[in-house]
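Examining the three-dimensional arrangement
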Amino acid sequence: MTYDSHNVFSKILRKEIPCQPFYEDDFVLSFSDLNPLAPVHLLIIPKNNYISFDDFSEKASSEEIAGFFFCHWKSSKESKHFSIRVSIDHKSWGGCTPG
């Protein structure tokens, strides 16, 4: 499987599709979900081209991986929500349906 540069997350990163950013650094973008299932529902995506969480885990630098999980902590702290649920959708059977 190859990376699809026309997927919805790539378009968000290129600012072709607007989003409500919550946190951003060199490695990740965190933004509000358009159809939230909780008072604070954020999506956190890596900025480099990965096709799945397996691909990210295998190919990302240690700085990217640390940045990804730091973003989870930072987003939770800044949103003032003291509990956080981390869900990693993986491919279509995980509920991930990027267009």
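Residues numbered from 1 in each chain as written. Predicted model: local features only at pLDDT ≥ 70, side-chain atom pairs only at ≥ 80, totals over all residues. Heavy atoms only, no water.

**Notes on the confidence of the model for the protein**
Do not read the fine detail of predicted coordinates wherever pLDDT is low. The test is simple: pLDDT gives the predictor's per-residue confidence on a scale running from 0 to 100. Helix and strand definitions here come from DSSP, where helices need a minimum of 4 consecutive H or I residues and strands a minimum of 2 consecutive E residues; each element is numbered from the N-terminal end.
Across the protein, the average pLDDT comes to 84, with 83% of residues at or above 70. The least confident element of the protein, judged by mean pLDDT, is helix α3 (residues 62–78) at 89; the most confident is helix α1 (residues 8–13) at 94.

**Observations regarding the side chain of S52**
To keep it simple, the criterion reads: To sort residues, take the accessible area from a 1.4 Å probe on protein chains only and compare it with the maximum for the residue type: under 20% means buried, over 50% means exposed, and anything in between is partly exposed. Throughout this description, a polar contact denotes any pair of N or O atoms lying within 3.5 Å of each other; where both atoms belong to protein, one of them has to be capable of donating a hydrogen while the other can accept it, and for residues adjacent in sequence the pair is counted only when both atoms sit in side chains.
Mapped onto the fold, S52 is located in the loop between β3 (42–46) and α2 (53–59). The class of S52 is buried, set by a relative accessible area of 16%. Separated by 3.1 Å, the side chain of S52 and the backbone nitrogen of D55 make a polar contact.

**Points about the sheet that holds strand β1 (residues 21–24)**
Selection criterion: Each pair of strands is called paired provided DSSP finds at least two bridges between the two strands. Between N-to-C directions, angles span 0 to 180 degrees; the directions come from axes that are lines fitted to C-alpha atoms, helices contributing only their stretch in contact.
What the 3 strands build is an open sheet, ordered β1-β2-β3; its pairing is antiparallel. Either end of the sheet is taken by a strand with one partner, and the two such strands are β1 and β3. The sheet shows a mean angle of 15° between the axes of neighbouring strands, direction not considered. Note that β1 and strand β2 (residues 28–32) share 3 bridges and pair antiparallel. Pairing of E24 across the sheet is with L29, part of β2.

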